[in-house]
Every structure is written in C-alpha cells, then in structure tokens.
Amino acid sequence: MRQIVFASNNTHKLRELREILGEGFEVLGLADIGCHDDIPETADSFEGNALLKASFVKEHYGYDCIADDSGLEVDALGGAPGIYSARYAGEGHDSAANNARLLRELEGKSDRHARFRTAIALLTDGSEPRFFNGSVEGEITTEPYGEGGFGYDPLFRPEGWSKTFAQATPEEKNAVSHRGRAVRQLVAYLSTLSQQL
Ligand code: IMP
C-alpha cells in the first residue's frame, strides 16, 4: 500500500478521499504526520497555493503529497473573492460575514455570473508536479437559500439548477462541484499509478 499525504486537516475531505481511493493508498492527514505548521499560502493563484502546500510537506516531511485550494470567482467583481474567498470579510470573520459582503458588493449589478474553482497539486518522488482542476459555473442569488453545505453555498446556484448548493444533498453537489470534478480526475490518475506498482 502506497502512503500519500493530503495536506489538510479537514476530516470531511480526508474521509472522502480515503473512501474513493480505497485499498491501494493509505491517505495521511497533516495531524497523522505530526505537521502542525502554519503552511504558507502566499501565491497568487489556486494552482500556486496548492503547489506551495504540497511542496512544504514534501520538503519538510518527505512524503508524496496532494494539496488543494479552492474559491469563488465572481465576474462582475473582476474574479473576486478568488484566492481570498476564505477571508473576504477580513481575518477572523466567518461565512456569514463573507456572504454578507458578497451580497453588498453585488447590489445593483445585473451580471451575477460566478464559478467555483478547485486546483489540486500532486507531488510524487521523481516526477514533475501534476495539477488537476475542476470548476462549476453558476450565479449568485440575491439572498441566501438552504442550510446545507458551507461557505458560499447558500448564495451559489449552479447553471441549470433551480436551487443553491446549500439546498442540495452532498451527493447532488459532489456530482457537479468543482471539488468533485478535480478529485475524480486525481483519483483516475492515482489509479493508473497504483496499477503500475
Ligand atoms: P478551500 O481552499 O477548499 O479551503 O476553500 C477556500 C474557501 O473558498 C472556503 O473557505 C470557502 O469560503 C470557499 N469555498 C471553497 N469551496 C467551496 C464550496 O464548495 N462551497 C462554498 N464555499 C466554498
């Protein structure tokens, strides 16, 4: 079984990846390798931040590593909040504050088109970094709908849907989401690797 670190402490993401990858891989979280460092996320793109995180783990702990970075891009705001999605309303603020700011910034704007994006970086011994990207197009509603999901989900209605991500089941969201798409590409690639072992 091949060990690989997923540079995250998010137990939900870790469990999801373990379930999808199955037997061929032992997926370790940051806590499992004793990494409690504040990993830098200072790049200017999702890909750059994912690579910074994966490189940090590879360099300091030696493990093959996967890292991800995601966010929301709103066209009428020039792509904001983008890489600043988690802290749009400022450090220490929560999703409610981020969502309130997003609605404020879009007041009076007719173009509400937006997309979620995820970049995953994979760093393995002796190979160049590989990237797996996923996105989902949609629009920002004028008020929040639904209780599920997290982050901007109550304000994001995917193209062709009549409800927001926060009104969807996890399975419905995962089938079309930026993260679901990127993870499925990663898994397809890792499966070809495990068959080579
Ligand atoms: P992360 O890189 O996956 O931790 O995502 C960074 C930030 O982007 C989160 O804190 C959320 O604000 C936002 N975000 C990313 N993915 C989603 C999603 O699926 N739904 C809602 N918000 C998201």
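Details of the structure are given in the entry above.
K.L.:
Please provide a residue-by-residue account of the overall build of the protein chain, values included.
P.N.:
In terms of helices and strands, the protein chain carries five helices and six strands. Starting at the N terminus and walking to the C terminus, you meet the elements of the protein chain as β-α-β-α-β-α-β-β-β-α-α. Rg of the C-alpha trace for the protein chain: 17 Å, near the compact-globule value of 16 Å for 197 residues, within the 12% margin. With respect to the three principal axes, the spread of C-alpha positions in the protein chain is 55 × 30 × 25 Å. Taken across its 197 residues, the protein chain has 44% of its residues classed as buried. Long-range pairs, those at least 24 residues apart, make up 55% of the contacts in the protein chain between residues at least 6 apart in sequence. On the protein chain, roughly 10,100 Å² of surface is accessible, and the fraction owed to carbon and sulfur atoms is 47%.

K.L.:
Before we move on, could you go through the state of the cysteines and cite the residues and values that matter?
P.N.:
Counting across every chain of the model gives zero disulfides. Free of any disulfide, Cys35 has its nearest cysteine sulfur in Cys65, 8.9 Å distant.

K.L.:
Explain the pattern of salt bridges to me, and be specific about the residues and the numbers.
P.N.:
In total, this model carries 17 salt bridges according to the counting rule given. A salt bridge links Glu73 to Arg117; the nearest nitrogen and oxygen atoms lie 3.3 Å apart. Taken as a pair, Glu73 in strand S3 (residues 65-74) and Arg117 in strand S4 (residues 113-123) lie far apart in primary sequence, 44 residues in all. Accessibility expressed as a relative area gives 21% for Arg117, which makes it partly exposed. Among the charged side chains, a salt-bridge network with shared partners connects Glu47, Glu73, Asp75, Arg115, Arg117 and Glu137.

K.L.:
Lay out the nonpolar core with the relevant residues and their values.
P.N.:
Of all hydrophobic cores here, the largest spans 17 residues; its most connected members are Leu17, Val27, Ile66, Leu186 and Leu190. Where this core is concerned, the elements lending two or more residues are strand S1 (2-6), helix H1 (11-21), strand S2 (25-28), S4 and helix H5 (178-196). Looking at this core, the element that brings in the most residues is H5, giving six residues. With sequence-adjacent residues up to four places away left out, Leu186 is seen in contact with Leu17, Ile66, Ile120, Leu122 and Phe132.

K.L.:
Describe the sheet that holds S1, and please don't skip the residues or the numbers.
P.N.:
Across a sheet, paired strands are connected by hydrogen bonds in the backbone, their directions being either parallel or antiparallel. The strand order S2-S1-S3-S4-S5-S6 describes an open sheet built from six strands, whose pairing is mixed. Sheet topology places S2 and strand S6 (156-158) at the edges, where each strand pairs with a single neighbour. Put simply, the sheet's adjacent strands are angled 35° from each other on average, direction ignored. Most of the contacts of H1 go to S2, to which it runs at about 175°, and overall it touches S1, S2 and S3. Of the strands in this sheet, S1, S3, S4 and strand S5 (130-140) are in contact with helix H2 (residues 46-61), which crosses S3 at around 160°.

K.L.:
Now, about H2: what can you tell me, with residues and values included?
P.N.:
With 16 residues, H2 should reach 22 Å at 1.5 Å per residue; the first-to-last C-alpha distance of 23 Å fits that figure. Where H2 is concerned, the buried positions are Phe46, Asn49, Ala50, Lys53, Ala54, Phe56, Val57 and Lys58. Against S1, S3 and S4 lie the buried residues of H2. Directly after H2, the chain includes Gly62, whose backbone phi takes a positive value near 85°.

K.L.:
Quick one: what's the story with H1, residue by residue and with numbers?
P.N.:
A turn of α-helix holds 3.6 residues, and therefore any two residues three or four places apart point the same way. Taken as a whole, H1 has its buried residues at Lys13, Leu14, Leu17 and Leu21. The arc enclosing the buried residues of H1, seen along the axis, measures out at 100°, which places them on a common side. Facing away from the buried side of H1 by over 90 degrees, the exposed positions are Thr11 and Glu19. Structurally, the start of H1 carries an N-cap: the backbone nitrogen of His12 is 2.9 Å from a side-chain oxygen of Asn10. In the stretch just after H1, Gly22 is the one whose phi turns positive, near 65°.

Parameters and conventions
Residues numbered from 1 in each chain as written. Predicted model: local features only at pLDDT ≥ 70, side-chain atom pairs only at ≥ 80, totals over all residues. Heavy atoms only, no water. Helix = DSSP H or I, 4+ residues; strand = E, 2+ residues; numbered from the N terminus. Rg over C-alpha atoms; globule rule 2.2 N^0.38 Å. Buried < 20%, exposed > 50% of the residue type's maximum accessible area, 1.4 Å probe, protein only. Contact = heavy atoms within 4.5 Å. Areas by Shrake-Rupley, 256 points an atom, 1.4 Å probe, with all protein chains shown as cover. Disulfide = S-S within 2.5 Å. Salt bridge = Lys/Arg side-chain N within 4 Å of Asp/Glu carboxyl O. Core = buried A, V, L, I, M, F, W, Y, C linked by side-chain atoms within 4.5 Å. Pairing = 2+ DSSP bridges. Axes fitted to C-alpha atoms, helices over the stretch in contact; angles between N-to-C directions. Expected span 1.5 Å × (residues − 1). Arc of directions from axis to C-beta. Polar contact = N/O pair within 3.5 Å; in protein donor to acceptor, adjacent residues only side chain to side chain.

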